[in-house]
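Descriptive analysis of the structure
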Amino acid sequence: MFVALRDIRFARGRFALMGTVVVLITMLVVFLNGLTGGLAREATSAVAGLPAGRVVFGAPAGAAAEVSFGNSTVDERQLAAWRAAPGVTSAEPLGVAMTRLTAGGTASSVSVFGSTERLRPELLRGTAPRDGQVAVGERVAREHGLRVGGTVTLGSRELVVSGITPDRSHGHAPTVWTTLGTWSLVGHQPQPTVLAVTGDGGPSGAVAASTRAVELDDALPGIPGYAAEQGTLRLVEGFLLVVSALVVGAFFTVWTVQRRPEVAVLKAVGASGGYLVRDALAQALTVLGAGALLGGALGALGGWPASAAVPFELSTATVAVPVAAMVLLGLAGAALAVRRITSVDPLTALGAHR
């Protein structure tokens, strides 16, 4: 890396400018990746945290079930068939609805989950809800000043707060938990939405045709708006990384053209093409590594306070993945740019072109 490092010292301004571009793009990708993860958590944590291996979506007899919490219903016959199916350890009904919670003079949108006690998250304080009661998350309790024993209005029903749970959310709305009977009254829906199933078996016949079982992770796209939101954000991330590779490639293309006389001299005194390519890639790796690491660190520092105000997931993966992708794609762009080094004619260094 002797030549590569001397180049960087010689052209400090150019490499500093390129490094700054890498830092800014990496910061942007880290922020976007953290926001994508945070929005995913806000949309799916209630379903993703269910103690089940599969989610069963249902449809009326004669219709095909689709992976959609908005269009799914499960009747008593389907529930009984899944509970009796060989290989099924448990099949618990789960009702999902969106409504309005009013308490303490303020109102907010919440998702209401009606379920058996087995599917509910652990309680931080209080007791499991019975009919006419509801367990709310910490954020809802804090925002509305709720305590165990207080009352809230869900939709048009007044319910007693029986307990406080960890924060979960569905469709970007905080989740509150109640019994299936109370959920049916609040959501005005007579049948549960889906089944949470453990075990690998399943029923056959007409029930199998009118239900559809998917793994828990595969059920998340059934949350309204989740797939479109995540697809859009991931597409923007991908474009940013492709742009970064093109920018890095363009920079090293121009730099390689400007260094052709020096490269020719090196080849004339015996430097091999492989050595020069390795030297140029090491130069690119130095710029990319320093810029990406600094950008990742700044993104993490900025994301830490941001996570208190917006849905932002700050973890090792949200920082390390963009940094690694930035370095690898930048190296790919640089590799395409420095290929022309091997085609430099050393005779040009001796004036043979004149």
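The structure we're discussing is the one just above.
Presented here is a report on the structure given in the accompanying data block. Small disclaimer: the values here were computed from a predicted structure and weren't measured.

Our focus in this paragraph is the overall build of the protein chain. Looking only at helices and strands, one finds 11 helices and 11 strands in the protein chain. Over its C-alpha atoms, taken along the principal directions, the protein chain stretches across nearly 95 × 50 × 25 Å. Across the 354 residues of the protein chain, 48% fall into the buried class. Nonlocal contacts in the protein chain, meaning residues at least 24 apart in sequence, comprise 81% of its contacts between residues at least 6 apart. Element-wise, carbon and sulfur atoms account for 61% of the exposed surface of the protein chain, whose accessible area totals about 16700 Å². Taking the average location of the 27 positive side-chain charges in the protein chain and that of its 23 negative ones, the two points are 11 Å from each other.

So, about the pattern of salt bridges. Summed over the entire model, instances satisfying the criterion amount to 3 salt bridges. Glu237 is paired through a salt bridge with Arg234; the nearest N and O atoms lie 3.1 Å apart. With a gap of 3 residues between them, Glu237 and Arg234 both fall in helix H8 (residues 226-258), about one helical turn apart.

Another point: the nonpolar core. Across soluble globular proteins, nonpolar side chains show a tendency to be buried alongside one another. Core analysis: the biggest nonpolar cluster contains 27 residues, and Phe15, Met18, Val22, Val248, Phe252, Ala292 and Met326 have the highest contact counts within it. Elements with a contribution of two residues or more to this core: helix H2 (12-48), H8, helix H10 (273-306) and helix H11 (316-338). By residue number, the principal contributor to this core is H2, which donates 8 residues. Counting residues in each nonpolar core, the second largest holds 22 residues, with Ala40, Ala46, Leu216 and Tyr226 among its members.

Burial of strand S6 (residues 151-154) is one-sided: the residues Val152 and Leu154 facing one way are buried, the residues Thr151 and Thr153 facing the other way are not. Inspection of the sheet shows strand S2 (residues 88-103) paired to S6 by 2 bridges, in the antiparallel sense. Note that in S6 the partner of Leu101 across the bridge is Leu154.

Note on placement: Thr318 falls in helix H11. Within the structure, Thr318 has its side chain in polar contact with the backbone oxygen of Glu313 (distance 3.3 Å). Among residues more than four places away in sequence, those in contact with Thr318 are Val30, Asn33, Gly34 and Glu313.

This part covers the packing of aromatic side chains. Evaluated as defined, the whole model comprises 4 aromatic pairs. Consider the rings of Phe31 and Phe312, whose centres lie 6.1 Å apart with planes at 65°: the pair is edge-to-face. Taken together, the residues span a long stretch of sequence, with Phe31 in helix H2 and Phe312 in the loop between H10 and H11 at a distance of 281 residues. The class for Phe31 is partly exposed, based on a relative accessible area of 28%. With relative accessibility at 5%, the residue Phe312 sits in the buried group.

The rules behind each value
- Residues numbered from 1 in each chain as written.
- Predicted model: local features only at pLDDT ≥ 70, side-chain atom pairs only at ≥ 80, totals over all residues.
- Heavy atoms only, no water.
- Helix = DSSP H or I, 4+ residues; strand = E, 2+ residues; numbered from the N terminus.
- Buried < 20%, exposed > 50% of the residue type's maximum accessible area, 1.4 Å probe, protein only.
- Contact = heavy atoms within 4.5 Å.
- Areas by Shrake-Rupley, 256 points an atom, 1.4 Å probe, with all protein chains shown as cover.
- Lys, Arg positive; Asp, Glu negative; His and termini not counted.
- Charge placed at Lys NZ, Arg CZ, Asp CG, Glu CD.
- Salt bridge = Lys/Arg side-chain N within 4 Å of Asp/Glu carboxyl O.
- Core = buried A, V, L, I, M, F, W, Y, C linked by side-chain atoms within 4.5 Å.
- Pairing = 2+ DSSP bridges.
- Polar contact = N/O pair within 3.5 Å; in protein donor to acceptor, adjacent residues only side chain to side chain.
- Phe/Tyr/Trp six-rings, centres within 6.5 Å; stacked < 30°, edge-to-face > 60°.

On their own, these measurements won't tell you what the molecule is for.
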